[in-house]
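The residues making up each chain are set out below.
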Amino acid sequence: MTDQSPTPLREIDPDVPRNRSPIIFMAIVGITAISIAVVVLGRDDRRSIKATITVPQLNVAETRGREIFNGTCATCHGIDAIGDTDIGPPLMHPYYRMEIFPSDMVRRAIMLGKAQDKWKYGHMPAQIKLNENEITDVMKYFDALRENNSLGN
Ligand code: HEC
């Protein structure tokens with residue numbers, strides 16, 4: 001003899017309240033929305049501004065300098081010093097125009113590094129991998145770039 005009565009799909013525990021108040025749900029949604037708004041609106045956007053520049057015709061030394069710059073410095077300062085990174089400022093910027101920022105200061109920054117000062121990207125470490133000649137090439141390239149982008153003398 002077989003049992004003909006249909007098996008219930010699932011047992012419903014009579015102790016579980018089924019019509020819970022929506023207040024808790026609404027509170028959770030509200031708190032989540034406020035938290036997201038606080039995080040999004042309060043975020044400190046560190047991405048540096050991106051300069052628009054043009055690279056001039058370069059001589060041999062300046063071309064070497066460009067290669068060194070884009071290999072060593074661009075991670076922080078952007079390709080051809082245009083910025084657009086999270087860890088360093090654009091160097092094609094009025095702060096670094098020749099008039100107030102002579103080439104010697106570029107050498108100094110490369111050799112000694114630079115403590116955080118004008119920006120909020122932290123410190124620049126000394127670039128100890130570069131030798132004298134490489135530093136000179138980078139400076140020449142940097143000056144050519146500045147002259148061509150209205151930051152020269
Ligand atoms: C690890 C990231 C990093 C690297 C790599 C780096 N820099 Fe910097 N550099 C910085 C930061 C950050 C500052 C801004 C410091 C400040 O707040 O003034 C800076 C500032 C400078 C300045 C301005 C210094 C001053 O006196 O105001 C020059 C010039 C410079 N960098 C050139 C270079 C050159 C050239 C290279 C490659 C040889 C290089 N940097 C590599 C992070 C870096």
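Residues numbered from 1 in each chain as written. Predicted model: local features only at pLDDT ≥ 70, side-chain atom pairs only at ≥ 80, totals over all residues. Heavy atoms only, no water.

Caption draft 1: Fine view of the packing of aromatic side chains. For the structure on display, the rule yields five aromatic pairs. With a centroid separation of 5.1 Å and 80 degrees between ring planes, the pair formed by Y96 and F101 is classed as edge-to-face. Look at Y96 and you get buried, because its relative accessible area is 8%. A network of ring pairs unites the aromatic residues Y95, Y96, F101, W119 and Y121 as a single cluster. (Phe/Tyr/Trp six-rings, centres within 6.5 Å; stacked < 30°, edge-to-face > 60°. Buried < 20%, exposed > 50% of the residue type's maximum accessible area, 1.4 Å probe, protein only.)

Caption draft 2: Broad picture of helix α2 (residues 60–77). With 18 residues, α2 extends only 22 Å from end C-alpha to end C-alpha; this falls clearly short of the ideal 26 Å at 1.5 Å per step. Along its length, α2 reaches its greatest deviation from straightness, about 45 degrees, at G71. A61, E62, G65, I68, F69, C73, A74 and H77 are the residues of α2 that are buried. Among the structural elements, α4 (132–148) are those in contact with the buried residues of α2. (Helix = DSSP H or I, 4+ residues; strand = E, 2+ residues; numbered from the N terminus. Expected span 1.5 Å × (residues − 1). Bend = angle between axes of the 7 residues up to and from the residue. Contact = heavy atoms within 4.5 Å.)

Caption draft 3: Structural context of the coordination of the iron atom of the ligand. Those protein atoms acting as donors to the iron atom of the ligand are H77 (NE2) and M124 (SD), and they sit at 2.0 to 2.2 Å. Every donor counted, the six donor atoms about the iron atom of the ligand form angles of 85 to 179 degrees at the centre, which fits octahedral coordination. Of the two residues, H77 sits in helix α2 while M124 sits in the loop between α3 (103–112) and α4, which places them 47 residues apart along the sequence. For M124, a relative accessible area of 25% gives the class partly exposed. (Donors = N, O, S within 2.8 Å, 3.2 Å for Na, K, Ca; no water. Tetrahedral: all angles 85-135°; square planar, octahedral: opposite > 155°, others 65-115°.)

Caption draft 4: A look at the pattern of salt bridges. Evaluation of the coordinates by the stated rule reveals six salt bridges. Between E132 and R107 there is a salt bridge, with the nearest N and O atoms lying 3.0 Å from each other. You can see E132 sitting in helix α4 and its partner R107 sitting in helix α3, a full 25 residues away along the chain. Its relative accessible area of 45% is what places E132 among the partly exposed residues. Among the salt bridges present, the one from K114 reaches D117, with a minimum N-O distance of 3.0 Å. (Salt bridge = Lys/Arg side-chain N within 4 Å of Asp/Glu carboxyl O.)

Caption draft 5: Structural view of the side chain of Q127. If you trace the backbone, Q127 turns up in the loop between α3 and α4. Once residues within four sequence positions are removed from consideration, Q127 is found in contact with T72 and I110.

Caption draft 6: The confidence of the model for the chain, seen in detail. Per-residue confidence for the chain gives a mean pLDDT of 88; residues scoring 70 or more make up 86%. The weakest mean pLDDT in the chain belongs to helix α1 (residues 23–42) at 83; the strongest belongs to α2 at 98. (pLDDT = per-residue confidence, 0-100.)

Caption draft 7: Fine view of the layout of surface pockets. Approximately 650 Å³ is the volume attributed to the largest pocket. For the largest pocket, the lining is made up of 32 residues, of which H77, L91, A109, K114 and M124 are closest to its centre. For the lining of the largest pocket, the secondary-structure elements that each account for two or more residues are α2, α3 and α4. The element that contributes the greatest number of residues to the lining of the largest pocket is α3, accounting for six residues. (1 Å grid on protein atoms, 1.4 Å probe; cavity = no way out; pocket = protein on both sides within 12 Å on 5 of 7 lines; lining within 4 Å. Points joined across faces, edges and corners; volume = space filled by probe spheres on them.)

Caption draft 8: Representation of the site of the ligand within the structure. For the ligand, the set of nearby residues contains 24 residues, the closest of which are C73, C76, H77, D117 and M124. Side-chain polar atom of H77 to a nitrogen atom of the ligand: 2.8 Å apart, as the coordinates give it. One of the backbone N or O atoms of D117 is found 2.7 Å from an oxygen atom in the ligand. More than half of the atoms of the ligand fall within 2 Å of the grid points belonging to the largest pocket. Breaking the shell around the ligand down by element, the ones donating at least two residues are α2 and α3. With four residues, α2 is the single largest residue contributor to the shell around the ligand. Across the shell around the ligand, the residue classes break down as 16 nonpolar, five polar and three charged. (Near = heavy atom within 4 Å. Polar contact = N/O pair within 3.5 Å; in protein donor to acceptor, adjacent residues only side chain to side chain. Sits in = over half its atoms within 2 Å of the grid points. Nonpolar A, V, L, I, M, F, W, Y, C, P; charged D, E, K, R; others polar.)

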